[in-house]
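Results of the structural survey
Chain by chain, the residues:
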Amino acid sequence: MITKEHIFELLETVLDPEVPVLSVVDLGIIRHVEIQDELVKIQITPTYTGCPAMKMIEMNLQAAFAVENIPLSIETILSPAWTTDWMSENGKLKLQKYGIAAPIGLAGRSLGLFEKEIQIACPRCQSVHTEKISEFGSTACKALYRCLDCKEPFDYFKCH
Amino acid sequence: MNIHSQHKIDYLLYLADTALILGQRLGEWCGHGPVLEQDIAMTNISLDYIGRSRLLYQYIATLTESDEDRLAFLRDEREFKNVLLAEHPNVDFAYTVARQFLLEAFHFPYYSELKNSSDLQLAAIAEKTVKETAYHLKWSAEWMIRLGDGTEISHQKIQTALNELWSFTGELFDPADYETFMLQESIAPDLNSINKSWKEKVQQVISEATLTMPENQWMQSGGKQGIHTEAMGFILTEMQYMQRSYPGLTW
Ligand SMILES: [Zn+2]
């Protein structure tokens, strides 16, 4: 008999290939889990529309469940649209330890032209003396920052 | 296929093709940007557009006997319904910024309205799209202002780009038959109200950028009906070459 607890244990082992400290649960992309007889049905939602990691996450989910011979069906839903508000607090701590500044505040407020984000703390030295280099970083979910004290560049997981 | 579903498919193709072709154009900057950060910005935006086109093609595929790859890689020029502005060559950074800004200032109010579409799948796609469009609009508007209110040369280059691209903006607000049908079904937004928001935004940014509004002129159209500029054949050749040469190729 499969339990929901066990399903979540499995889900916790599936990581975001681009930020390999966050599980799909930490990311907040698992929207619904249902057990129907022997079949597990989950609904996931993409982070960004063009995120190339989504396909890989689906494959890794299938692989994680296949190891235990649990049939899995995955449905992608688009609405409500994913937001960093759904990221777990534990996930934010893991991000910070990994060297990526975690999203601050609630999503939904859009910045005016040339308006600066509130102070983002450097994940290395905690200084808030930092500046944005670019809104767009190595992946869709991150912006590029630099620390003006320790001089290191870092990624900020955008509030989205 | 009845006339209603054909109009709907044409309408979805117009949205999907505009996203794909603009995404492909921006992708041409990969490795060629003026500075690394802006190279990354343009390719990030490109990826958002390609992602958007995939959601739309996947939706079209559920309504037709097709799949997303066939729709993107195996249709001919006359079957593409993207607006002419999306296929316009990059030329230089100023043209790319001006093209992007003119389209984002359109897409932001457009997809905001489309969230209320009576078609729920389209409304869900719009809900995701509009969040990303906010970043694109901010990026392109800020660059319009930096270049316009920058040096003498940057000012001149962005003004030239704006003037040259202006004749392709009329098409955005000139509804094709399928758009009129979709408006009647409350699937597509009303272009008159979008036009009003677009004009306000464009005027505001052009003025802040110390640029001059281009004069009213004759407007080019045809893309929505599959009548394209010379540039279209070239972009499709590059984009479709692999699938045309090696049918069914996968990674
Ligand atoms: Zn630091």
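Residues numbered from 1 in each chain as written. Chains lettered and ligands numbered in written order. Predicted model: local features only at pLDDT ≥ 70, side-chain atom pairs only at ≥ 80, totals over all residues. Heavy atoms only, no water.

A few words now on the overall build of chain B. In terms of helices and strands, chain B carries 10 helices and zero strands. Helices and strands in chain B line up, N terminus first, as α-α-α-α-α-α-α-α-α-α. Taken over the C-alpha trace, chain B has a radius of gyration of 18 Å; the compact-globule value for 251 residues is 18 Å, and the two agree within 12%. Within chain B, buried positions represent 55% of all 251 residues. Sequence-distant contacts in chain B: of pairs separated by 6 or more residues, those separated by 24 or more amount to 81%. Counting every atom, chain B has about 11,200 Å² of accessible surface; 53% of that belongs to carbon and sulfur. (Helix = DSSP H or I, 4+ residues; strand = E, 2+ residues; numbered from the N terminus. Rg over C-alpha atoms; globule rule 2.2 N^0.38 Å. Buried < 20%, exposed > 50% of the residue type's maximum accessible area, 1.4 Å probe, protein only. Contact = heavy atoms within 4.5 Å. Areas by Shrake-Rupley, 256 points an atom, 1.4 Å probe, with all protein chains shown as cover.)

Another point: the interface of chain B and chain A. Listed by partner, the interface residues are 26 residues for chain B and 29 residues for chain A. In total, chain B and chain A occlude about 2,400 Å² of area from one another, counting both sides; carbon and sulfur atoms represent 66% of this. It is K128, Y135 and K138 of chain B in chain B that bury the most area against chain A; as a group they hold 30% of the surface buried on that side. Taken together, the links from chain B to chain A amount to zero salt bridges. At the boundary of chain B and chain A, one finds 11 residue pairs in polar contact (both at pLDDT 80 or more). (Buried area = accessible area lost by both parts, 1.4 Å probe. Salt bridge = Lys/Arg side-chain N within 4 Å of Asp/Glu carboxyl O. Polar contact = N/O pair within 3.5 Å; in protein donor to acceptor, adjacent residues only side chain to side chain.)

All names here are of chain A. Donor atoms from the polypeptide that coordinate the zinc ion comprise C122 (SG), C125 (SG), C147 (SG) and C150 (SG), at 2.3 to 2.4 Å from the metal. Given four donor atoms and angles of 103 to 117 degrees at the metal, the environment of the zinc ion is assigned as tetrahedral. Mapped onto the sequence, the residues coordinating the zinc ion show the spacing C-x2-C-x21-C-x2-C. C122 sits in the buried class, given a relative accessible area of 0%. Looking at C125, the relative accessible area reads 35%, which means it is partly exposed. (Donors = N, O, S within 2.8 Å, 3.2 Å for Na, K, Ca; no water. Tetrahedral: all angles 85-135°; square planar, octahedral: opposite > 155°, others 65-115°.)

Residues and elements named next belong to chain B. Closest axis-to-axis distance for the helix α6 (residues 120–148)/helix α7 (residues 152–165) pair is 7 Å, and the angle between their directions is 130 degrees. By the angle class used here, α6 and α7 are oblique. Contacts between α6 and α7 involve M144, R146, L147 and G148 from the former and S154, H155, I158 and L162 from the latter. Residue composition of the contact of α6 with α7, by class: four nonpolar, three polar and one charged. (Axes fitted to C-alpha atoms, helices over the stretch in contact; angles between N-to-C directions. Parallel < 35°, antiparallel > 145°, perpendicular 65-115°, else oblique. Nonpolar A, V, L, I, M, F, W, Y, C, P; charged D, E, K, R; others polar.)

Counted according to the given criterion, the structure contains zero disulfides over all chains. No disulfide involves C30 of chain B; its sulfur sits 17 Å from that of C51 of chain A, the nearest cysteine. (Disulfide = S-S within 2.5 Å.)

In this model, chain B carries a mean pLDDT of 96, and residues with pLDDT of at least 70 account for 98%. ipTM for the predicted complex: 0.91, alongside a pTM of 0.95. (pLDDT = per-residue confidence, 0-100.)

Residues and elements named next belong to chain B. If you trace the backbone, S167 turns up in the loop between α7 and α8 (177–184). Given a relative accessible area of 10%, S167 falls into the buried group. In this structure S167 touches Q217, W218, M219 and Q220, once residues within four positions along its chain are discounted.

A few words now on helix α5 (residues 93–114) of chain B. All names here are of chain B. Between its terminal C-alpha atoms α5 stretches 30 Å, which fits the 32 Å expected from 22 residues at 1.5 Å a residue. Of all 22 residues in α5, 19 are buried; the element is thus mostly enclosed. A distance of 3.1 Å separates the backbone nitrogen of A94 from a side-chain oxygen at the start of α5, and that oxygen is part of D92. (Expected span 1.5 Å × (residues − 1).)

This part is about the sheet that holds strand β3 (residues 30–36) of chain A. Residues and elements named next belong to chain A. As summarised here, the arrangement of the three strands in space is β3-β4-β5, forming an open sheet in which the pairing is mixed. The sheet terminates laterally at β3 and β5 (72–76), the two strands that pair on one side only. Averaged over neighbouring strand pairs, the angle between their axes works out to 15 degrees when direction is ignored. Packed onto the sheet, helix α1 (residues 4–11) meets β3 and β4 (39–44) and runs at close to 135 degrees relative to β3. The strands touched by helix α3 (residues 53–67) within the sheet are β4 and β5, with β5 carrying the most contacts at an inclination of about 160 degrees. (Pairing = 2+ DSSP bridges.)

This paragraph deals with the domain arrangement of chain A. Residues and elements named next belong to chain A. Along its sequence, chain A is organised into domain 1 (4–82) and domain 2 (86–157). Residue-level contacts link 14 residues of domain 1 with 14 residues of domain 2. When the two sides are added together, the surface that domain 1 and domain 2 hide from each other amounts to roughly 1,200 Å², 71% of it contributed by carbon and sulfur. Looking at the side of domain 1 facing domain 2, the largest losses of area belong to V21, D26 and Y48, adding up to 38% of the total buried there. Here domain 1 and domain 2 share one salt bridge between them. Between D26 and K94 there is a salt bridge; the shortest N-O distance is 2.5 Å. At the junction of domain 1 with domain 2, the criterion picks out two residue pairs in polar contact (both at pLDDT 80 or more). For the side of domain 1 that touches domain 2, the elements supplying multiple residues, two or more each, are β2 (19–23) and α2 (24–27). (Domains from an automatic or database assignment.)

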